[in-house]
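A look at the structure
What follows is the residue order along each chain.
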Amino acid sequence: MGRFPSPLNFVLAGLLVSCVSTAKKPLQSSPAEQKEADTKLLDEANQFARDGLYREALNSFGQYLEKNPNDGAANRTVGIIYVKTGAYKKAAQYLDKAFATFPNNFELNFYLGESMRMQARHADAIYHYKRALEAEPKNVAALKALCWSYYNIRYYAEAVRTAKQLRQLAPNDFQVAIIMARILNKISLNDKALALLNRSETLASADSIPFLNSVKGDILLSMGERDAAEQAYRKALQDQPLLPGALIGLAKKLIDDKKNNDIAITYLDRALKIRPNLFEAYYLLGKAHQKTNPAKSLEYYKIFSKEASYDPSFQQELAEIRPQLIEARKANASNKRSDAGSRDDEEQF
């Protein structure tokens, strides 16, 4: 007969089971301890943000917002970080959450306007810039951004009014001169635009002069002064070789001259590496490849059409390439029908 275990063995076994089950249970933090941990995590996230360590800041804020999703201040800071790092759609999501908490806050409205403007949602951008300016009526950065939004949707009268206000607040700011020159160009006051740029060049720092020359090139090109435009672009690039506006302007001139397309493509590729959201570069790449590589040209036109479809400043270019895009869609649909018909025939046999 087998031996029965002694009562002591039962007691020991029970104690072991009890110990194991106790070890498996996670320790629960008290509400006070959890609040202290959240505060520490939030402080850490904010310090990362102040130090410019945005990746670390987003990681810490992400952990914090998992438990505190409605914290307006945290959502605002995350949205601002995403604007600064170029993730404008994500920025808008977080800033929209924070808007209910800070509807009249300058910083929130300014950065929400920036996220909208960079997505070509200029009407929404204008709304938030105006709210920001209600809090700080003389803020130059917000007035510049508002002026650009008016410019992009062709509200030139409002753009001029805002630019005049800017010139009173910052008379020697080269960016204000550029904004005003762009507007004057659009309302066919090119002589005034060029005079303004030339005057600003005498007051500007050396770092600012390439930007002024790039804009001068754009205005001269729009006037048909092609050689003078090329000279202005090359002067800008001599001082600042990676200036996207000058690279695109010079490429456009070369493509329109129907020569040196390979060099133009190099300039455009370089500009897109610096600023991937420069929609016009995709349009120009499409033009540059149109005769030598129609398939590649069409791909660039598709990218341009997708990115610029809601931007009123590119309506002429969109109208120009629309017939090609329509033909490509028709051909694609026809190919799909042919493929489907072929498969049906195969199934019958």
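Details of the structure are given in the entry above.
Residues numbered from 1 in each chain as written. Predicted model: local features only at pLDDT ≥ 70, side-chain atom pairs only at ≥ 80, totals over all residues. Heavy atoms only, no water.

**A short note on the pattern of salt bridges**
Test applied: One side-chain nitrogen of Lys or Arg within 4 Å of one carboxyl oxygen of Asp or Glu is enough to make a salt bridge. Each helix is a run of DSSP H or I of at least 4 residues and each strand a run of E of at least 2, with the numbering of both proceeding from the N terminus. Relative accessibility under 20% of the residue-type maximum defines a buried residue, over 50% an exposed one, and the middle range a partly exposed one, all with a 1.4 Å probe and only protein chains included.
For the coordinates displayed, the defined rule picks out 14 salt bridges. In this structure, Glu114 engages Arg117 in a salt bridge whose closest nitrogen and oxygen atoms are separated by 3.1 Å. Residue Glu114 and its partner Arg117 are both found in helix α6 (residues 106-117); the two are separated by three residues, about one turn of the helix. Residue classification places Glu114 among the buried positions, given a relative accessible area of 15%. Classification of Arg117 as buried rests on a relative accessible area of 18%. For Asp257, the salt bridge goes to Lys253, with nearest N and O atoms at 2.7 Å. A residue is classified by how much of its surface remains accessible, and Asp257, at 24% relative accessible area, is partly exposed. Linked by salt bridges that have partners in common, Arg226, Glu230, Arg234, Lys253 and Asp257 make up one network.

**Some points on unusual backbone geometry**
For Arg154, which is not glycine, the phi torsion reads 65° and is therefore positive. Along the chain, Arg154 turns up in the loop between α8 (140-152) and α9 (156-169). The phi dihedral of Ser188 is positive, around 65°, even though this residue is not glycine. With respect to the helices and strands, Ser188 occurs in the loop between α10 (174-186) and α11 (190-203).

**Structural notes on the side chain of Asn190**
Counted only if it meets this: The definition of a polar contact used here is a pair of N or O atoms within 3.5 Å, where within protein one atom must be able to donate a hydrogen and the other to accept one, and adjacent residues in sequence count solely through side-chain atom pairs. Contacts: residue pairs with any heavy atoms within 4.5 Å of one another.
You can see Asn190 is positioned in helix α11. Within the structure, Asn190 has its side chain in polar contact with the side chain of Asn185 (distance 2.6 Å). Not counting the four nearest positions on each side in its chain, Asn190 is found in contact with Leu184, Asn185, Ile219, Ser222 and Met223.

**Side note on the environment of Ala308**
Secondary-structure assignment places Ala308 in helix α17 (residues 294-308). Measuring from C-alpha to C-alpha, the distance between Ala308 and Tyr283 comes to 9.6 Å, with 25 residues separating the pair along the chain. Every residue in contact with Ala308, bar those within four places of it in the chain, is listed here: Phe279, Phe314 and Leu318.

**Here we look at the environment of Leu196**
Within the secondary structure layout, Leu196 lies in helix α11. A relative accessible area of 4% places Leu196 in the buried class. For Leu196 and Met180, which are 16 residues apart along the polypeptide, the C-alpha to C-alpha distance reads 8.3 Å. Other than its neighbours up to four places away in sequence, Leu196 contacts Arg167, Ala177, Met180, Ala181 and Leu184.

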